[in-house]
Amino acid sequence: MEYRQLGRSGLKVSVLTMGTMTFGGQGNFANVGDTDVDEARRQVDMCLEAGVNMIDTADVYSTGRSEEIVGEAVKGRRDDVLLATKVRMPMGPGPNDAGLSRHHIVSGCEASLRRLGTDHIDLYQVHEWDGVTPLEETLEALDSLVTSGKVRYVGASNYTGWQLMKALGTADRLGYQRFVSHQIFYSPQAREAEYELIPAAIDQGLGVLVWSPLAGGLMSGKYRRGRTAPEGSRQLTDWNEPPVRDEDKLYDTVDVLVDIAEGHGVSAAQVTLAYLLGRPAVTSLVIGARTGEQLADNLAAVDLTLTEDERARLDKVSELPLTYPYWHQVATAQDRLSPADLSLLGPYLD
């Protein structure tokens, strides 16, 4: 297993992170699986044996049950793993049961600590933007949790470029703890993060954690043009996270993934994960599996090396259109582009 530094922190995390959205199977975010404690322990065993050192969850997954299962599954081996969780989403019907106010962050952290059965959270992430609460209040609350020892590092998730930069600038201005990571959706099916979020991570020294790198299964090779999806699978029209806006491009991308996979004798899922691990700024991919067999297949991706030609094929079939101002910068700013700029624009330069 390879380990990469999480942004500018001194923390090193495995390139694959164990995701737990399937744990619990009830309440919020519970439509993706029903992993119980015994299966969770088995999957944690597999991950630790493979060298995975971080487990990612959230308070909202199965309305707290995911955190409880994680806590039970790592009991007796807490020091062997880094625990990451999140706060922001609704956890009750009250007016203060959601958001990034000081009240909700502090009470949310204390509830997560109880459910996880631990005295500290290694990476505490704000799960989504809150445009109502002042950033100063959010960042002060996170800073106080680090100062108290309840949290070791803080990160963000699902921010836009301007929201991320505003948060980092506010933290720098006030001397609060800075986000060390940004957890984002990023997949060959949808590479929009390359417009702003990947360049911002390079420029600001943030680690990038990728959620749903297989695009909820779309990149697994199960969904092919003109073929009926396996029994029990969702229909393509049912997908809303991620939304499928260009069905032909999706199938074209899957065709290339499957072709490359057949050449290596591996799954399309492994090719997808190996491809993303070679993209700029990516630190770790959050992999979540319904079964041990799926997990074992995903874990094997760390041993797959793609050729430059294979990477170029995937780049081409899934490439982004250059929207404004990027096409203008390619035409007029080629003489003064930074490494962050080049992460997007490099392939388009003469």
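Refer to the structure printed above.
Residues numbered from 1 in each chain as written. Predicted model: local features only at pLDDT ≥ 70, side-chain atom pairs only at ≥ 80, totals over all residues. Heavy atoms only, no water.

## Quick look at the overall build of the protein
Looking only at helices and strands, one finds twelve helices and ten strands in the protein. Within the protein, the proportion of its 350 residues that are buried is 55%. Nonlocal contacts in the protein, meaning residues at least 24 apart in sequence, comprise 76% of its contacts between residues at least 6 apart. Counting only carbon and sulfur atoms, one obtains 48% of the accessible surface of the protein, whose full area is about 15,400 Å². (Helix = DSSP H or I, 4+ residues; strand = E, 2+ residues; numbered from the N terminus. Buried < 20%, exposed > 50% of the residue type's maximum accessible area, 1.4 Å probe, protein only. Contact = heavy atoms within 4.5 Å. Areas by Shrake-Rupley, 256 points an atom, 1.4 Å probe, with all protein chains shown as cover.)

## A look at the nonpolar core
Burial of nonpolar side chains together is a common tendency in soluble globular proteins. The biggest cluster of nonpolar side chains holds 85 residues, and the ones touching the most others in it are Tyr124, Tyr159 and Phe179. By residue number, the principal contributor to this core is helix H8 (residues 268-277), which donates eight residues. In this view, Tyr124 contacts Thr85, Lys86, Val87, Ile105, Gly108, Cys109, Leu142, Leu145, Val151, Tyr153, Val154 and Gly155; residues no more than four positions away in its chain are not counted. Val13, Ala84, Val180 and Leu209 belong to the second-largest nonpolar core, a separate cluster that totals nine residues. (Core = buried A, V, L, I, M, F, W, Y, C linked by side-chain atoms within 4.5 Å.)

## Some points on the sheet that holds strand S3 (residues 16-19)
Read once around its circumference, the closed barrel built from eight strands follows the order S3-S4-S5-S6-S7-S8-S9-S10, with strand pairing classed as parallel. Neighbouring strand axes in the sheet, compared pairwise and without regard to direction, differ in orientation by 30° on average. Two strands pair when backbone bridges link them, and strand S4 (residues 54-56) and strand S5 (residues 82-87) are joined in this way by three bridges, in the parallel orientation. From the neighbouring strand, Asp56 faces S5, where its bridge partner is Ala84. (Pairing = 2+ DSSP bridges. Axes fitted to C-alpha atoms, helices over the stretch in contact; angles between N-to-C directions.)

## Examining the pairing of strand S7 (residues 151-157)
Within S7, five of the seven residues are buried, which leaves it mostly tucked inside the rest of the structure. The pairing of strand S6 (residues 121-126) with S7 spans five bridges and is parallel. Bridging from a neighbouring strand, Leu123 pairs with Tyr153 of S7. Sheet analysis places S7 next to strand S8 (residues 181-185), joined by two bridges and oriented parallel. By the bridge assignment for S8, Ala156 is matched with His182.

## Describing H8
In terms of residue burial, H8 counts as a mostly covered element, since ten of its ten residues are buried. Three or more residues of H8 are buried, namely Ala268, Ala269, Gln270, Val271, Thr272, Leu273, Ala274, Tyr275, Leu276 and Leu277. Next to the buried residues of H8 lie strand S1 (3-5), S3, helix H7 (247-264), strand S10 (282-287), helix H9 (292-299) and helix H10 (308-317).

Scope: geometric values only; no functional claims are made or implied.
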